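Summary of the model geometry
Chain by chain, the residues run as shown.
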Amino acid sequence: MRFLFVHGTGVRRERHDRLFAQVRERLTARFPGAAVDSCYWGDRFGATLGAGGRSVPGLCPGPQGEPDPVDAETAEWALLLADPLCELRVLAEAGWAGPGDRGDRGDARDAHDEDAGYGDAFAMPGVQGAGARVLALLEGLPPAPPPTGDELGALLHGTGLAAGFAAALDVAAGSAEAARAAARAADEPQARELATALARAVTAAALAAATDEADCTGAERDRLVELLTTRLGGDGRVPGARVAAVLGRLALRVTTQPLLDARRGSLTVGATPVLGDILRYQSRGHELREFLHARITADPGPTVLIGHSLGGIALVDLLALAAARGEDVPGAELLVTVGSQAPFLYELGALTALEPGAKLPYGFPRWLNVYDRHDVLSYLAAPVFPGDARVSDHEVRSRQPFPACHSAYWKQDSLYARIEQAVTEAEIG
């Protein structure tokens, strides 16, 4: 009897040798007379950047200097999409430093202060302050502007933001941040900055609600802000000095986009073996399957095939394609997939050998599928092949989070105990 181990995606020689040493040690302990071999394919069939990564923007970064204004703007909007009220919060908490602002009171201010318009030391009872006027204009905006005859409405419908516009208005107008910021805005310049912050908050809330259903360019987004700002009595689309001073560089530090821009090259190079192997297999998988077939049939004795991750996908494809053609794969008596995506690809219609809903062909061997519920790259096989006695699932619990659990199978005694049981059930030996 022979065991043939097929490694998964992203594995190269050094990593393979460590994994296979663990597998061989434990299989040899349980099956002293069995041969334990490996089918290493990473260097020959794994993905590489054939042009040295020249297709990747940022792989060779330019000189480091002041942030590009476009990058800074992108970072600001990333922060707004994560928290549409963040700029309003700055105005609500920090206000505008000046003679009339009482922001130094800290936690001593209360709701009565806000209602009384404490941002203006000379506010007259019953007279609406500058900030309150802006907030009243926001509350009076129509929640469903018409798609024709109104530029704002046409733009909302054209960008896919119309459905979430009413809720976005409510998010901004009904927020405690807007109320506190409005109470602090004591003069017209402050009111205009408040109008811009409210317009950006509404636009960000609508974009965040639409997620990837939005079809909105940066220019269209900016025009939405301009139109809303104008209707609120303002005259700008970029944050005012107070907000920019607090959030400008913070956005570059805490949002992911600047980091992704700066590290895109190194991230792409690092991810190439893992993601690239999968993509390469999907387009040129026949090369790997032919290689595996040659290794399996080189020794026609009874063989237990153990495939990890992408290795399991390739083995399922190989065995199913051969069985569908009525061809034998000499020696293949038992298939063990570990942390494999083959069942999921079958459901998606992305498994080369089988259409969704098709049964495993006659001649396909027994299949033991091993998974860990914390391993998001492992899936159940038996439920997608209901009634097929050849297919069974076994759960392993490594007590490790992902991604560590995706490689933690090989030290679990329960894995080898279940393989031993499957070998006995298949009467291999």
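In this report, the structure presented in the accompanying data block is examined. (Residues numbered from 1 in each chain as written. Predicted model: local features only at pLDDT ≥ 70, side-chain atom pairs only at ≥ 80, totals over all residues. Heavy atoms only, no water.)

When helices and strands are tallied, the protein chain shows 16 helices and six strands. Per-residue burial over the protein chain gives 46% buried out of 429 residues. In the protein chain, once contacts between residues fewer than 6 apart in sequence are set aside, the share between residues at least 24 apart is 79%. (Helix = DSSP H or I, 4+ residues; strand = E, 2+ residues; numbered from the N terminus. Buried < 20%, exposed > 50% of the residue type's maximum accessible area, 1.4 Å probe, protein only. Contact = heavy atoms within 4.5 Å.)

Below, the discussion takes up the pairing of strand E1 (residues 2-6). Put simply, side chains in a regular strand alternate between the two faces of the sheet. Within E1, five of the five residues are buried, which leaves the element mostly enclosed by the surrounding structure. Burial along E1 is two-sided: the residues Arg2, Leu4 and Val6 and Phe3 and Phe5 are all buried. As paired strands, E1 and strand E2 (residues 35-38) are joined by four bridges and run parallel to one another. Residue pairing for E2: Phe3 is matched across the bridge by Val36. (Pairing = 2+ DSSP bridges.)

Put simply, Phe402 and Pro403 share a cis peptide bond, and its omega is 10°. Assignment of secondary structure puts Pro403 in the loop between strand E6 (391-395) and helix H16 (413-425). Here Ser309, not a glycine, exhibits a phi torsion of approximately 55°, which is positive. Topologically, Ser309 is positioned in the loop between strand E3 (303-308) and helix H14 (310-324). The phi dihedral of Arg399 is positive, around 65°, even though this residue is not glycine. With a relative accessible area of 77%, Arg399 lands in the exposed category.

The contact between helix H4 (residues 86-94) and helix H9 (residues 176-184) brings their axes to 8 Å, and the two run at 50°. Considered as vectors, H4 and H9 are oriented oblique to each other. Where H4 crosses over H9, the handedness of that crossing is left-handed. Residues Leu88, Arg89, Leu91, Ala92, Glu93 and Ala94 of H4 form the contact with H9, whose participating residues are Glu177, Ala178, Arg180, Ala181 and Arg184. Taken together, the residues of the contact of H4 with H9 sort by class into six nonpolar, no polar and five charged. (Axes fitted to C-alpha atoms, helices over the stretch in contact; angles between N-to-C directions. Parallel < 35°, antiparallel > 145°, perpendicular 65-115°, else oblique. Left-handed = near helix turned anticlockwise from the far one by under 90°. Nonpolar A, V, L, I, M, F, W, Y, C, P; charged D, E, K, R; others polar.)

The next subject is the packing of aromatic side chains. Under the definition given, this model contains eight aromatic pairs. In this structure an aromatic cluster arises from ring pairing among Tyr346, Phe364, Trp367 and Phe385. Lying across the ring of Tyr40, Arg13 places its NZ or CZ 4.0 Å from the centre. (Phe/Tyr/Trp six-rings, centres within 6.5 Å; stacked < 30°, edge-to-face > 60°. Lys NZ or Arg CZ within 6 Å of the ring centre and 35° of its normal.)

Let us now look at the pattern of salt bridges. Considering all chains together, one arrives at 22 salt bridges under this definition. Of the charged contacts in the structure, one is a salt bridge between Arg180 and Glu93, with a shortest N-O distance of 2.7 Å. On the criterion of sequence distance, the pair formed by Arg180 in helix H9 and Glu93 in helix H4 is long-range, its members being 87 residues apart. Looking at Arg180, the relative accessible area reads 16%, which means it is buried. Judged by its relative accessible area of 39%, Glu93 is partly exposed. We note a salt bridge from Glu188 to Arg133, for which the minimum N-O separation is 2.3 Å. In this pair, Glu188 sits in helix H10 (residues 188-210) while Arg133 sits in helix H6 (residues 130-139), placing the two residues 55 residues apart along the sequence. (Salt bridge = Lys/Arg side-chain N within 4 Å of Asp/Glu carboxyl O.)

What follows concerns a nonpolar patch on the surface. A grouping of Val376, Leu377 and Phe402 is seen on the molecular surface, where their side chains present a nonpolar patch of about 230 Å² in accessible area. Mapped onto the elements of the fold, Val376 is located in the loop between strand E5 (366-371) and E6. Given a relative accessible area of 48%, Val376 falls into the partly exposed group. (Patch = residues over 30% accessible without salt bridge, like charges linked within 9 Å, V, L, I, M, F, W, Y side chains within 5 Å. Areas by Shrake-Rupley, 256 points an atom, 1.4 Å probe, with all protein chains shown as cover.)

This brings us to the nonpolar core. Leu88, Leu138, Leu194, Leu198 and Val202 are the most contacted members of the largest nonpolar core, which has 44 residues in total. Listing elements by their share of this core, those giving two or more residues are helix H3 (69-82), H4, H6, helix H7 (151-158), helix H8 (165-173), H9, H10 and helix H11 (218-231). Among the elements that make up this core, the one with the highest residue count is H10 (13 residues). Core analysis: the second largest hydrophobic core is formed by 36 residues, Leu4, Leu319, Ala320 and Ala332 among them. (Core = buried A, V, L, I, M, F, W, Y, C linked by side-chain atoms within 4.5 Å.)

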